[in-house]
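Read off the chains here:
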Amino acid sequence: MESKAKSIRPFIGAKDYKTSRAFYSDLGFNEIVIAPNMSLFQYGEMGFYLQDAYVKEWIDNTMVFLEVDNVTDFWKQLLILDLPSKYEQVRIIPIKEYDWGKECFIHDPSGVLWHIGEFYN
């Protein structure tokens, strides 16, 4: 295919839309409301759509990988935010190292698993 892609934006569901919107704003994403039941959350040129839609099987199997320049710095900033104390269902998992790089993890208020990673190459 010769056409060049400009972005990729997954659709993510939310069990409690209002709570998820607040969570992603606190995490540093900029919200652009598209409709009463959908917003685009952007971080620089990247983004995803958050929907006021919840299907347990879908959410339980949703994972997103966010590549960052420095996962250690991201982790330190994440600890400062202390999101698990503000959002009951949010969990963060410390950095793990692999042969390809390292990553930490965030479970959002609905259960979506975010991999925050840094590649060695």
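These numbers were taken from a predicted model, which means no experiment stands behind them.

A. Just the overall build of the protein chain, in detail. If you tally the helices and strands in the protein chain, you get four helices and eight strands. Along the protein chain, helices (α) and strands (β) appear in the sequence β-α-β-β-β-α-β-α-α-β-β-β when read from the amino end. Over its C-alpha atoms the protein chain spans a radius of gyration of 15 Å, differing by no more than 12% from the 14 Å that the globule rule assigns to 121 residues. Seen along its three principal axes, the alpha-carbon backbone of the protein chain occupies a region of about 45 × 40 × 25 Å. With 121 residues in all, the protein chain has 38% of them scored as buried. Within the protein chain, counting contacts between residues at least 6 apart in sequence, those at least 24 apart form 50% of the total. When the accessible surface of the protein chain is summed, it comes to about 7800 Å², and 52% of that surface belongs to carbon and sulfur atoms. Taking the 12 positively charged and 18 negatively charged side chains of the protein chain as two groups, their mean positions are separated by 3 Å.

B. Focus on the nonpolar core. Tyr24, Ile106, Trp114 and Ile116 are the most contacted members of the largest nonpolar core, which has 26 residues in total. Contributions of two or more residues to this core are made by helix H1 (17–27), strand S4 (46–51), strand S5 (63–67), helix H3 (71–81), strand S7 (101–107) and strand S8 (113–119). Leaving out residues up to four positions away in the same chain, Ile116 has contacts with Leu66, Val68, Val71, Phe74, Lys102, Glu103, Cys104 and Ile106.

C. Structural context of the environment of Val71. Of note, Val71 is situated in helix H3. Exposure remark for Val71: the relative accessible area of 0% places this residue in the buried category. Placed 30 residues apart in sequence, Val71 and Gly101 show a C-alpha to C-alpha distance of 9.5 Å. Val71 has contacts with Ile95, Lys102, Glu103, Cys104, Ile116, Gly117 and Glu118, leaving out every residue within four places of it along the chain.

D. How the structure looks around the sheet that holds strand S6 (residues 91–97). Strand order in the open sheet formed by four strands is S5-S8-S7-S6, and the pairing between neighbours is mixed. The open sheet has two edge strands with one neighbour each: S5 and S6. Geometrically, the sheet is characterised by an average inter-axis angle of 20 degrees between neighbouring strands, direction not taken into account. Here S5 pairs with S8 via five bridges, running parallel. In the strand pairing of S8, Met63 is matched with Leu113.

E. Just the pattern of salt bridges, in detail. Tallied over the entire structure, the rule returns three salt bridges. Across the pair Lys56 and Asp60 runs a salt bridge whose closest N-O atoms are separated by 2.6 Å. On the criterion of helical spacing, the pair formed by Lys56 and Asp60 is a turn pair, its members being four residues apart in helix H2 (residues 56–60). Among the residues examined, Lys56 registers a relative accessible area of 45% and is labelled partly exposed. Given a relative accessible area of 43%, Asp60 falls into the partly exposed group.

F. Main features of the pairing of S7. Summarising burial for S7: seven of the seven residues are buried, a large majority. Neither face of S7 is left uncovered, since the one carrying Gly101, Glu103, Phe105 and His107 and the one carrying Lys102, Cys104 and Ile106 both have all their residues buried. In textbook terms, the turn of a hairpin is the stretch between consecutive antiparallel strands, and for S6 and S7 this stretch comprises three residues. Here S7 folds back onto S8, and the loop between the two strands holds five residues, one of which, Gly111, carries a positive phi near 115 degrees.

Definitions and limits used
- Residues numbered from 1 in each chain as written.
- Predicted model: local features only at pLDDT ≥ 70, side-chain atom pairs only at ≥ 80, totals over all residues.
- Heavy atoms only, no water.
- Helix = DSSP H or I, 4+ residues; strand = E, 2+ residues; numbered from the N terminus.
- Rg over C-alpha atoms; globule rule 2.2 N^0.38 Å.
- Buried < 20%, exposed > 50% of the residue type's maximum accessible area, 1.4 Å probe, protein only.
- Contact = heavy atoms within 4.5 Å.
- Areas by Shrake-Rupley, 256 points an atom, 1.4 Å probe, with all protein chains shown as cover.
- Lys, Arg positive; Asp, Glu negative; His and termini not counted.
- Charge placed at Lys NZ, Arg CZ, Asp CG, Glu CD.
- Core = buried A, V, L, I, M, F, W, Y, C linked by side-chain atoms within 4.5 Å.
- Pairing = 2+ DSSP bridges.
- Axes fitted to C-alpha atoms, helices over the stretch in contact; angles between N-to-C directions.
- Salt bridge = Lys/Arg side-chain N within 4 Å of Asp/Glu carboxyl O.

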